[in-house]
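# Examining the three-dimensional arrangement
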Amino acid sequence: MVYIKCTDVVAKVSDILDGEAGRLTRMRFYGHVMMCRNCRRYLAQFKRIKELAGKVTPDDLPPDFDQVMNFVIREIDKPDG
Amino acid sequence: MPVERVGQQETEKARLGALKSGSAVAWRELLACYGPRLLRYATRMVGARATAEEILQDSLVTVYRTIARFDGRCSLKSWLYRAVHNRAIDELRRRKRYVDVGDDPERDYFNAAGHWQHECPGWDGMAAKRLDDKRLLIQVRDQLDRLPHSHREILLMKEVDGLDPADICAALEITPGNFRLRLHRARAALRAAVVRE
């Protein structure tokens, strides 16, 4: 198997976690990660940050949100558009 | 093509027809469906609610006035996002507040041979498992709002709003390859920012 470097692991980590990497790339990636403590640490951090970014909830809507939309609706309802 | 996908395309086609014919009901439905998430997106991009509201209003009125030019090559959702996104970027640039990609935070991690030159940085020296999710989530959220806009936009669309890659590519007018690269760099920048915190 072709050996890959730490920089390759870091560059491929998103593709690996998103399921976008091919079988051979995955084998090389995890083969390296098994042997490299720093890359294991990086992968664990990256994975956790990615998961948490997906849990960031949208902000609450402002109380006057209807007024914001009503402005647009009034523009749309104008006879000349 | 899956049956559900064909059904979605037919629904979108019918909706677009109603919008182009000026149906007030169709426009109200569209605003109710996408207005809230577009306002949230604009707010996280520009950081000020009042400015975000202006951006949303301007964008939606522009979309209404130019709907006849929409050719349906991308989804309506991505077209709406593109309108709000472009207007937000214009506003940030006008105010000289737009921040493009900064230095690569990982540039100094590796030696010439491509291996770590020091230990991979940790979270304040603490083991990851000792940082509880709630505290880390707050850090992730705070740092997301401080990232350069070019990183923030792609993470907001992908991770927070859950848009499909195809819709993000259409909204940001980028290729799928560029999307993968930019998404990775944005995540890496977020990781580096949280680790530094």
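These numbers were taken from a predicted model, which means no experiment stands behind them.

With that settled, the discussion passes to the interface of chain A and chain B. The partner chain B presents 45 residues to the 35 residues of chain A that form the contact. Elements with a contribution of two residues or more to the side of chain A that touches chain B: helix H1 (6–17), helix H3 (37–53) and helix H4 (65–77) of chain A. Ranked by residues supplied to the side of chain A that touches chain B, first place goes to H3 of chain A with 11 residues. A breakdown of the residues in the side of chain A that touches chain B according to their chemical character gives 19 nonpolar, 6 polar and 10 charged.

Another aspect to go through is the domain arrangement of chain B. Residue and element names in this part refer to chain B. We note that the domain assignment places domain 1 (3–94) and domain 2 (128–196) within chain B. The distance between the C-alpha centroids of domain 1 and domain 2 comes to 22 Å. Across the contact, 12 residues belong to domain 1 and 11 residues belong to domain 2. Contributions of two or more residues to the side of domain 1 that touches domain 2 are made by helix H2 (24–46) and helix H4 (76–94). A per-element tally of the side of domain 1 that touches domain 2 places H4 first, with 6 residues.

Let's shift gears to the environment of Phe46 of chain A. Checked against the element boundaries, Phe46 of chain A lands in helix H3. Classification of Phe46 of chain A by C-beta neighbours within 10 Å gives buried; the count is 20. On a C-alpha basis, the gap between Phe46 of chain A and Asp60 of chain A in space is 28 Å, while along the polypeptide they are 14 residues apart. Leaving out residues up to four positions away in the same chain, Phe46 of chain A has contacts with Val13 of chain A together with Arg187 and Arg191 of chain B.

Once that is clear, we can look at the packing of H4 of chain A against H2 of chain B. H2 of chain B packs onto H4 of chain A with a crossing angle of 145° between their chain directions and a minimal axis gap of 11 Å. When the axes of H4 of chain A and H2 of chain B are compared, the crossing they make is right-handed. Of H2 of chain B, the residues touching H4 of chain A (which contributes Phe65, Val68, Met69, Val72, Ile73, Ile76 and Asp77 of chain A) are Ala24, Trp27, Arg28, Leu31, Gly35, Pro36 and Leu39 of chain B. Along the lines of polarity and charge, the residues of the contact of H4 of chain A with H2 of chain B split into 11 nonpolar, 1 polar and 2 charged.

Both trends apply: most residues other than glycine have a negative phi, and most peptide bonds are in trans. Residues and elements named next belong to chain B. Backbone geometry at Lys96 places phi at a positive 55°, although glycine is not the residue there. One can find Lys96 in the loop between H4 and helix H5 (133–144). In this structure Lys96 comes out as exposed when scored by C-beta crowding, with 6 C-beta atoms within 10 Å. You will see that Glu173, though not glycine, has its phi angle at about 55°, which is positive. Along the chain, Glu173 falls in the loop between helix H7 (165–172) and helix H8 (176–196). On the neighbour-count criterion, Glu173 (12 C-beta atoms within 10 Å) is exposed.

Parameters and conventions
Counting from 1, residues in each chain are numbered in the order their sequence is written. The order in which chains are written sets their letters, starting at A; the order in which ligands are written sets their numbers, starting at 1. Residues qualify for local features only when their pLDDT is at least 70, as the model is predicted, and side-chain atom pairs are given and counted only at 80 or more; totals for whole chains, interfaces and linings, by contrast, use all residues. A pair of residues counts as a contact when their C-beta atoms, built from backbone coordinates, are within 7 Å of each other. Secondary structure counts use DSSP, requiring at least four H or I residues in a row for a helix and at least two E residues in a row for a strand, with both numbered from the N terminus. Polar here means any residue outside two lists: the nonpolar Ala, Val, Leu, Ile, Met, Phe, Trp, Tyr, Cys and Pro, and the charged Asp, Glu, Lys and Arg; Gly therefore counts as polar. Domain delimitation follows an automatic or database domain assignment. Exposure criterion: with C-beta atoms placed from backbone coordinates, a residue whose C-beta has 20 or more other C-beta atoms within 10 Å is buried, one with 12 or fewer is exposed, and one in between is partly exposed. Axes here mean lines fitted to C-alpha atoms, for a helix over just the part in contact, with angles spanning 0 to 180 degrees between N-to-C directions. Left-handed describes a crossing whose near helix is turned anticlockwise from the far helix by less than a right angle; the clockwise case is right-handed.

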